[in-house]
Amino acid sequence: MTDAGELRTRTRALLQAHPPATTDRADFLKARFDAGLAWVHYPEGLGGLGAPRSLQAVVDAELEAAGAPDNDPRRIGIGLGMAAPTVLGFGTEEQKQRFLRPLWTGEEVWCQLFSEPGAGSDLAALGTRAVRDAETGDWVVNGQKVWTSSAHTARWAILIARTDPDLPKHRGITYFVCDMTDPGVEVRPLRQITGEAEFNEVFLTDVRIPDAHRLGEVGDGWKVAQTTLMNERVSIGGMRIPREGGMIGPVAKAWRDRPELRTHDLHQRLLKLWVEAEVARLTGERLRQQLVAGQPGPEGSGMKLGFARLNQEISGLEVELLGEEGLLYDDWTMRRPELVDFVGREAGYRYLRSKGNSIEGGTSEVLLNIVAERVLGLPAEPRTDKDVAWKDLAR
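Residues numbered from 1 in each chain as written. Predicted model: local features only at pLDDT ≥ 70, side-chain atom pairs only at ≥ 80, totals over all residues. Heavy atoms only, no water.

Undergrad: So what's going on with the overall build of the protein chain? Residues and values would help.
TA: For the protein chain, the count of helices and strands is 11 helices and eight strands. The globule rule puts the C-alpha radius of gyration for 395 residues at 21 Å, and the 22 Å found for the protein chain is close to it. Each of the three principal axes of the protein chain carries a C-alpha extent, and together these read 75 × 55 × 45 Å. Considering only contacts in the protein chain between residues 6 or more positions apart, those separated by 24 or more positions represent 70%. Approximately 18900 Å² of the protein chain is accessible, and the part contributed by carbon and sulfur atoms is 54%. Charged side chains of the protein chain number 49 positive and 58 negative; the gap between the two group centres comes to 2 Å. (Helix = DSSP H or I, 4+ residues; strand = E, 2+ residues; numbered from the N terminus. Rg over C-alpha atoms; globule rule 2.2 N^0.38 Å. Contact = heavy atoms within 4.5 Å. Areas by Shrake-Rupley, 256 points an atom, 1.4 Å probe, with all protein chains shown as cover. Lys, Arg positive; Asp, Glu negative; His and termini not counted. Charge placed at Lys NZ, Arg CZ, Asp CG, Glu CD.)

Spelled out as structure tokens, the structure:
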């Protein structure tokens, strides 16, 4: 059993062999992965040591104190939070060896091809088709995906497509790894209310995916996708932040620095939201501790639900506190950013961008159903289409 003392010894040996001040950033990250110090709870040979997840903090503290570079987790969050646990859980040994190292080091960015124009909240209704080529064994994919973060920078995508339209919608889906450099992949920007094009729509025309890039069994795509979605909601709603981190930080700072803006009503609302933000932060810590003992469950949906509501209420309060200043917006330039920076921009940006929090990673309406049924054990809503073949569904 690897303990904290052994991890400190291993980390210091890494730092001695690859001093951060004189080692190329990419070379250091590769050496860290090979030493099993990337994510210590992963198996040996895949960036880990099979150690308890909680001991990752020991490694991170040693590296931070030494000034070692990180892998820019915000830029590669989809790969780290969604693709990696899915590949680990359902991939072959060859797939794990091929994908996990460049994913963790940030050499290869990942995106998620799940939602479609007619299949967002009801994801299982997706219509993108994957048909097996009888001669080569490849899968030929045609369809359209939407709201795809990082598609314009991604090398790989996690993709779900319909492989059997004669089965009910949840049972005829298969999960793939898609090469975003395939000539049949077209990425178009979607400009948002913020002025940026952080999201994309992706058109797939005769995209060929080798069967070796299928994750899980044919027809088991919905089961595999559940692993992705549960990890996505934990990564969105359960991020580790310090006290007054996240959206509550800027508004609390404005309150302290600008006493002339204060009113009794705004004070009461700020106190309420500050307490709720702190409760959410501590709940996130508790959720991460639960992850040490197993895989994420539906509780992550509750965290993501609270994250969206809090962000929108806090950003609305900040705009009201700042008055006319809160309506200012510095730059409407059409950009295609690699990451979202909530606290690095002004109040107007935070207010507009937070509107998307109740859509991305599962709409709040869908997450309420998940929490009600899978956490609280309430009766499920009637679903008259669950045993009907997808091809026979009204569209």
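Undergrad: Could you give an account of helix H3 (residues 56-65), with specific residues and numbers?
TA: Count 3.6 residues to each turn of an α-helix, and residues three or four apart come out pointing the same way. Among all positions of H3, only Gln56, Val58, Val59, Glu62 and Leu63 are buried. Down the axis of H3, the buried set is contained in an arc of 165°. They therefore lie on one face. Opposite the buried face of H3, at more than 90 degrees from it, the exposed residues are Glu64 and Ala65. As for H3, its buried residues are in contact with helix H1 (4-17) and helix H2 (25-34). Positive backbone phi, approximately 75°, marks glycine 67, located one or two places after H3. (Buried < 20%, exposed > 50% of the residue type's maximum accessible area, 1.4 Å probe, protein only. Arc of directions from axis to C-beta.)

Undergrad: Quick rundown of the packing of H2 against helix H5 (residues 93-105)? Include the residues and the values.
TA: With their axes 9 Å apart at the nearest point, H2 and H5 run at an angle of 135° to one another. One element, H2, and the other, H5, form an angle in the oblique class. The two elements H2 and H5 cross, and the hand of that crossing is right-handed. Together, Leu29, Lys30, Arg32, Phe33 and Asp34 of H2 and Leu100, Arg101, Trp104 and Thr105 of H5 make up the contact between the two elements. Partitioning the contact of H2 with H5 into residue classes produces four nonpolar, one polar and four charged. (Axes fitted to C-alpha atoms, helices over the stretch in contact; angles between N-to-C directions. Parallel < 35°, antiparallel > 145°, perpendicular 65-115°, else oblique. Left-handed = near helix turned anticlockwise from the far one by under 90°. Nonpolar A, V, L, I, M, F, W, Y, C, P; charged D, E, K, R; others polar.)

Undergrad: How would you summarise a nonpolar patch on the surface if you had to cite specific residues and measurements?
TA: A contiguous nonpolar patch, built from Val375, Leu376 and Leu378 and spanning about 270 Å² of accessible area, is present on the exposed surface. Examined against the element boundaries, leucine 378 turns out to sit in the segment after helix H11 (364-375). (Patch = residues over 30% accessible without salt bridge, like charges linked within 9 Å, V, L, I, M, F, W, Y side chains within 5 Å. Salt bridge = Lys/Arg side-chain N within 4 Å of Asp/Glu carboxyl O.)

Undergrad: Can you explain the packing of aromatic side chains? Please cite residues and give values.
TA: One pass over the full model with this rule turns up nine aromatic pairs. Measuring from ring centre to ring centre gives 6.4 Å for phenylalanine 33 and tryptophan 104, while their planes differ by 45°; the resulting arrangement is tilted. Here phenylalanine 33 is found in helix H2, whereas its partner tryptophan 104 is found in helix H5, with 71 residues between them in sequence. Taken as a pair, phenylalanine 33 and tryptophan 104 share a single burial class, namely buried. An aromatic cluster is present here, built from Phe99, Trp110 and Trp156 joined pairwise through their rings. Note that arginine 188 overlies the ring of phenylalanine 203, its terminal NZ or CZ placed 4.1 Å from the centroid. Just above the ring of tyrosine 349 sits the side chain of arginine 345; from NZ or CZ to the centre is 4.3 Å. (Phe/Tyr/Trp six-rings, centres within 6.5 Å; stacked < 30°, edge-to-face > 60°. Lys NZ or Arg CZ within 6 Å of the ring centre and 35° of its normal.)

Undergrad: Hey, could you go over the pattern of salt bridges for me, with residue numbers and the actual values?
TA: Enumeration according to the criterion identifies 37 salt bridges in this entry. We note a salt bridge from glutamate 62 to arginine 8, for which the minimum N-O separation is 4.0 Å. Of this pair, glutamate 62 sits in helix H3 while arginine 8 sits in helix H1, and the two are 54 residues apart along the sequence. Since its relative accessible area comes to 17%, glutamate 62 is described here as buried. Note that glutamate 278 is salt-bridged to arginine 243, the shortest N-O span being 3.2 Å. Of this pair, glutamate 278 sits in helix H8 (residues 264-291) while arginine 243 sits in the loop between helix H6 (221-237) and helix H7 (248-257), and the two are 35 residues apart along the sequence. Arginine 243 gets classed as exposed once you look at its relative accessible area, which sits at 54%. Connected through salt bridges with shared partners, the residues Glu196, Arg335, Arg345 and Glu346 form a single ionic network.

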